[in-house]
Amino acid sequence: MSINALSSHPMFVRVLSAACVLTSLWMIETLWPYAKDRRHRTRHGLRNLAMAAINAAAVFSTVGLATATIAEYARASQWGLLPMIDSWSWLAGLLAFLVLDSWTYFWHRANHRFRFLWRFHRVHHSDTDMDVTSSARFHAGEIGLAAICRLPVVVFFGISPIVLLVHETVLLAVSQFHHSNFSLGRVDDLLRLFVVTPAMHRIHHSRNVVETNSNYASILSIWDRLFQSHCIVQDESTIRLGLDEFAEPKWQTLTGMLKTPLEKS
């Protein structure tokens, strides 16, 4: 299948790649888990994946489709800064990828900075048993707001649909990777110089506020070092996952996750 054909079937590409990566990482977690006391692992995973299904039905078929349509129209009309370079050149594609990844970093920081956005984002942070399925644990409100707020960036820079597809596919795969419940040992120290790793992102899911408000990067880890939000914890065993105010079992259910943004705290 050609690149153009793939770009015309973005949902198929994302679902297929996500399923393959998730299955592989789930098997690795099963064989070599970092946290070994995970009871009800299957139930936990199914709940998180149910959130992903809701997001796909509510967001990707609406705002997601609108984003792809607008991006294609912008490309055809030669809107934005990057088409001035050459919308299909490797340099324009690389710059577009970096723009999207840096925007994702700042959007993530905004979700921790602004109370309204945090109401939705805390659904993700309330997971007390982080594993590969936690990468799917987002509220549809957050996904929809992110897509809408990203539209001006897509139009201003003239980011093509194929670059959007590549970035979103890589983002999902790396997100699944760094949420996974396994340890890379010393390899993690080297790998985190380039991409976000499980140990690096585990710190971000800590109940310690200082640690929670760090390590915001999603794909390339350089953004945290550039903008002074990188955090290292020497003893990972001290990290407690989740949020104190949403630690009760009722907030781990599908209904609880959907209702979390409405809860005052």
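Look a little higher up for the structure.
(A) Looking closely at helix α5 (residues 115-125). Buried residues dominate α5, accounting for eight of its 11 residues. Along α5, the residues that are buried comprise L117, W118, F120, H121, R122, V123, H124 and H125.

(B) Representation of the packing of aromatic side chains within the structure. Overall, the coordinates contain nine aromatic pairs when judged by the stated rule. Geometrically, the ring pair formed by F177 and F182 is tilted, given 6.2 Å between the ring centres and 55° between the ring planes. The residues F177 and F182 share a single accessibility class, namely buried. By way of ring pairs, the aromatic residues Y105, F106, Y216 and F227 are connected into one cluster. A cation over a ring is seen here: R113 above F114, with NZ or CZ 5.4 Å from the ring centre.

(C) Focus on the pattern of salt bridges. Counted according to the given criterion, the structure contains nine salt bridges. Here the salt bridges share partners, and the residues they tie into one network are R207, R240 and D244.

(D) Broad picture of the environment of T67. Mapped onto the elements, T67 comes out in helix α3 (residues 41-76). With 83 residues separating them in the primary sequence, T67 and R150 have C-alpha atoms 8.8 Å apart. If we skip the residues at most four places from it in the chain, T67 touches A147, R150, L151 and L164.

(E) Focus on the environment of L258. When you line up the elements, L258 lands in helix α12 (residues 254-259). Given the relative accessible area of 36%, L258 is considered partly exposed. On a C-alpha basis, the gap between L258 and F138 in space is 9.4 Å, while along the polypeptide they are 120 residues apart.

What counts as what
Residues numbered from 1 in each chain as written. Predicted model: local features only at pLDDT ≥ 70, side-chain atom pairs only at ≥ 80, totals over all residues. Heavy atoms only, no water. Buried < 20%, exposed > 50% of the residue type's maximum accessible area, 1.4 Å probe, protein only. Helix = DSSP H or I, 4+ residues; strand = E, 2+ residues; numbered from the N terminus. Phe/Tyr/Trp six-rings, centres within 6.5 Å; stacked < 30°, edge-to-face > 60°. Lys NZ or Arg CZ within 6 Å of the ring centre and 35° of its normal. Salt bridge = Lys/Arg side-chain N within 4 Å of Asp/Glu carboxyl O. Contact = heavy atoms within 4.5 Å.

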